[in-house]
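Chain residues, written in single-letter form:
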Amino acid sequence: MTVDLAGTTGRTGGDPDRSGRAGGTMDAGKKRRRPFGAQPLGILFSAPYLIFIGVVFAYPIVFAVWMSFHDYFFTAPGATVDRPFVGLDNYVTALSDPAVWRSFGNVGIFLLINVPLTVVLSIVLATALDRVVRARAFFRVAFYVPYVTASVAVVAVWLFLFSNSGLINNALGPLAPNPSWLVNSALAMPTIALFVTWKGLGFYILLYLAALQNVQRELYESVAVDGGGRLRQFFSVTVPGVRPATFLVVLLATITGANLFTEPYLLTNGGGPNGASTSPVLLIYQKGIEQQNPDVAAAIGVVLIVFVLIIAALQRRFVGREES
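Nothing here was measured: the structure is a model prediction, and the numbers come from that model.

The rules we used
Residues numbered from 1 in each chain as written. Predicted model: local features only at pLDDT ≥ 70, side-chain atom pairs only at ≥ 80, totals over all residues. Heavy atoms only, no water. Patch = residues over 30% accessible without salt bridge, like charges linked within 9 Å, V, L, I, M, F, W, Y side chains within 5 Å. Areas by Shrake-Rupley, 256 points an atom, 1.4 Å probe, with all protein chains shown as cover. Salt bridge = Lys/Arg side-chain N within 4 Å of Asp/Glu carboxyl O. Helix = DSSP H or I, 4+ residues; strand = E, 2+ residues; numbered from the N terminus. Buried < 20%, exposed > 50% of the residue type's maximum accessible area, 1.4 Å probe, protein only. Contact = heavy atoms within 4.5 Å. Phe/Tyr/Trp six-rings, centres within 6.5 Å; stacked < 30°, edge-to-face > 60°. Lys NZ or Arg CZ within 6 Å of the ring centre and 35° of its normal. Axes fitted to C-alpha atoms, helices over the stretch in contact; angles between N-to-C directions. Left-handed = near helix turned anticlockwise from the far one by under 90°. Nonpolar A, V, L, I, M, F, W, Y, C, P; charged D, E, K, R; others polar. Polar contact = N/O pair within 3.5 Å; in protein donor to acceptor, adjacent residues only side chain to side chain.

A cluster of nonpolar side chains, contributed by Tyr49, Leu50, Ile51, Phe52, Val55, Val56 and Phe57, occupies part of the molecular surface with about 730 Å² of accessible area. Looking at the secondary structure, you find Leu50 in helix α3 (residues 41-68).

If you want it as structure tokens, here you go:
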């Protein structure tokens, strides 16, 4: 029996050092043979996109962070000047400016109106369009057209509708606000939020329509068998079934709102009245380009990035807790 055990030990690699060396050699050989993973060709295919991300997004962000810590100013091409390190001076200057805090408050008002309205209208309209049998393609295209239309062209229509003598005020008559919508400090940002919601609705509807294809139809039938109507089916099946799409819609709407620029610039003539519709990105443009303070503008941009990342992290944590 002793011989058998010894033989067995020998056959199974009784020398632990030898087996360890053999296993380590095999693992090292695998690593040497596959330095770029099991499919190295994928690195080649993704390289153009990675280069695009690095050049268009990563480099500007890193450069903006560097600018925010230095005394940076525009110079003639090829000129060499000293740009000393100033620490947090640019951040102190930015955060001590009441206009900066007001711009963040404006975008907060925008998000409080735009994000919930976008989610509710998108999921309701997507559910309705998913049940439409006739002219389904027409309705989907009709909702999507404003999204792909240039903002400059659509803004002209909204200026006509919400001007002092526009169609909306004529329809409201004595109930029309005075001053009018876009020149009213209390109504300018809500009006812009309604415009952005209407313009981007088609894109978010398509996201929800794609998510609805993954909701099992048997679930609707089960609720119907239990006596549930359309409203109960919507809250018991549709809303939980498209929760991942809802998180995506909330995240994209938040990022879009944080980058608000074109709409207040065109609708309210650059953030009027008296800065009531100025967004942080519009303020960055005014500080950096018009007032020639790119270092302070970069500091505002970094603060905005941190603000968006915090909101995204909170949204992610909340949705993750809901799913768990």
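Looking now at the environment of Pro294. With respect to the helices and strands, Pro294 occurs in helix α15 (residues 294-323). Among the residues examined, Pro294 registers a relative accessible area of 5% and is labelled buried. In sequence terms Pro294 and Met67 are 227 residues apart; their C-alpha atoms lie 7.7 Å from each other. Non-local contacts of Pro294, meaning those with residues more than four positions away in its chain, are made with Met67, Tyr72, Phe73, Phe74, Lys287 and Gly288.

Attention now moves to the pattern of salt bridges. Counted according to the given criterion, the structure contains two salt bridges. Residue Asp97 pairs with Lys287 through a salt bridge whose shortest N-O separation is 2.6 Å. Taken together, the residues span a long stretch of sequence, with Asp97 in the loop between α4 (89-95) and α5 (98-131) and Lys287 in helix α14 (residues 280-290) at a distance of 190 residues. Of the two residues, Asp97 and Lys287, neither departs from the other in class, the shared state being buried.

Right, let's talk about the packing of aromatic side chains for a bit. Here the distance between the centres and the angle between the planes together describe a pair of aromatic rings. Under the counting rule described, the total for this entry stands at 22 aromatic pairs. Taken together, a centroid distance of 6.0 Å and an interplanar angle of 10° make the contact between Phe63 and Trp66 stacked. Note that Phe63 and Trp66 are positioned in helix α3 at a spacing of three residues, about one turn of the helix. An aromatic cluster is built from Tyr59, Phe63, Trp66, Tyr72 and Phe74, whose rings are joined through pairwise contacts. Taking NZ or CZ as reference, Arg83 lies 5.6 Å from the ring centre of Phe73, over its face. In this structure, Arg316 is placed above the aromatic ring of Phe247, and the distance from its NZ or CZ to the ring centre is 5.5 Å.

In this structure, Pro179 follows Asn178 across a cis peptide bond, with omega equal to 5°. Along the chain, Pro179 falls in the loop between α8 (167-172) and α9 (188-212). Here the amide bond leading from Gly272 into Pro273 is cis, since omega sits at -5°, within 30 degrees of zero. With respect to the secondary-structure elements, Pro273 resides in the loop between α13 (262-267) and α14. In this structure, Asn274 is a non-glycine residue whose phi angle is positive, near 55°. Counting through the fold element by element, Asn274 comes out in the loop between α13 and α14. By relative accessible area, which is 73% here, Asn274 ends up exposed. In the Ramachandran plot, Gln292 falls in the positive-phi region, its phi being about 60° despite a non-glycine side chain. The topology assignment puts Gln292 in the loop between α14 and α15. Looking at Gln292, the relative accessible area reads 46%, which means it is partly exposed.

Another point: the packing of helix α10 (residues 217-225) against helix α11 (residues 230-241). Where α10 meets α11, the closest approach of the two axes is 10 Å, and the angle between their N-to-C directions is 145°. The element α10 and its partner α11 pack so that their crossing is right-handed. Contacts from Leu219, Tyr220, Val223 and Ala224 in α10 reach Arg232, Gln233, Val237 and Thr238 in α11. Residues that form the contact of α10 with α11 fall into these classes: five nonpolar, two polar and one charged.

Let's shift gears to the side chain of Gln286. Position of Gln286 relative to the elements: it lies in helix α14. Within the structure, the side chain of Gln286 is placed 3.2 Å from the backbone oxygen of Gly270, a separation counted as a polar contact. Contact partners of Gln286, with chain neighbours within four places excluded, come to Gly270, Thr278 and Gln291.

By themselves, these observations are geometric and do not establish any function.
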